[in-house]
Amino acid sequence: MTDLYPAADQRELLRQAATAHTTAAAEVEAFLRRLPEVPDPADVTEYANLLSRTERARDDLLAAADAAGLRLPSLESE
């Protein structure tokens, strides 16, 4: 039987991607709250990893939004 509501599945994937993005951003915030006044190399590495995770989550969010029909025009000037 054909799924009559395929967009619902895409919306759920979009919600999950939004949750993952929110979680990644919250992890960056938590890190910044405990960051010492003088960061050491391990802090810099952890921050880089957290930012990378946040960027991947944002990319996944944008892809899920596109798949759900929320296509945005480019924000960059041509």
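Reference entry: report on the structure contained in this document. It should be emphasised that the depicted structure is a prediction, and the values quoted were computed from it without experimental measurement. (Residues numbered from 1 in each chain as written. Predicted model: local features only at pLDDT ≥ 70, side-chain atom pairs only at ≥ 80, totals over all residues. Heavy atoms only, no water.)

1. Topic: the overall build of the protein chain
Consideration 1: Of the regular secondary structure elements, the protein chain holds two helices and zero strands.
Consideration 2: Counting across all 78 residues of the protein chain, residues that qualify as buried make up 14%.
Consideration 3: The contacts in the protein chain between residues at least 6 apart in sequence include a share of 64% that link residues at least 24 apart.
Consideration 4: Carbon and sulfur atoms provide 57% of the accessible area of the protein chain, an area that totals close to 6400 Å². (Helix = DSSP H or I, 4+ residues; strand = E, 2+ residues; numbered from the N terminus. Buried < 20%, exposed > 50% of the residue type's maximum accessible area, 1.4 Å probe, protein only. Contact = heavy atoms within 4.5 Å. Areas by Shrake-Rupley, 256 points an atom, 1.4 Å probe, with all protein chains shown as cover.)

2. Here we look at the environment of Leu14
Consideration 1: Tracing the sequence through the fold places Leu14 in helix H1 (residues 6–34).
Consideration 2: The exposure class of Leu14 is buried, given its relative accessible area of 15%.
Consideration 3: Between the C-alpha atom of Leu14 and that of Ala63, which follows or precedes it by 49 residues, the distance is 8.5 Å.

3. Comments concerning the packing of aromatic side chains
Consideration 1: Tallied over the full model, the rule gives one aromatic pair.
Consideration 2: Taking 5.9 Å as the distance between ring centres and 20° as the angle between the ring planes, the aromatic pair formed by Phe31 and Tyr47 counts as stacked. Here Phe31 is found in helix H1, whereas its partner Tyr47 is found in helix H2 (residues 41–67), with 16 residues between them in sequence. (Phe/Tyr/Trp six-rings, centres within 6.5 Å; stacked < 30°, edge-to-face > 60°.)

4. Concerning the side chain of Thr54
Consideration 1: Summarising the element assignment, Thr54 is placed in helix H2.
Consideration 2: The class for Thr54 is buried, based on a relative accessible area of 15%.
Consideration 3: Dropping the residues within four chain positions of it, Thr54 is found in contact with His21, Ala24, Ala25 and Val28.

5. Notes on the pattern of salt bridges
Consideration 1: Taken as a whole, this structure holds five salt bridges when the rule is applied.
Consideration 2: For Glu12, the salt bridge goes to Arg15, with nearest N and O atoms at 3.1 Å. Of this pair, Glu12 and Arg15 are both found in helix H1, three residues apart, which corresponds to roughly one turn of the helix.
Consideration 3: Classification of Glu12 by relative accessible area gives partly exposed; the value is 34%.
Consideration 4: Linking Glu27 and Arg53 is a salt bridge whose minimum nitrogen-to-oxygen distance equals 2.6 Å. Residue Glu27 is found in helix H1, and its partner Arg53 is found in helix H2; the two are separated by 26 residues along the sequence.
Consideration 5: Owing to a relative accessible area of 30%, Glu27 belongs among the partly exposed residues under this scheme.
Consideration 6: Here Arg53 falls in the partly exposed class, since its relative accessible area comes to 36%. (Salt bridge = Lys/Arg side-chain N within 4 Å of Asp/Glu carboxyl O.)

Worth remembering: the numbers are spatial, not functional.
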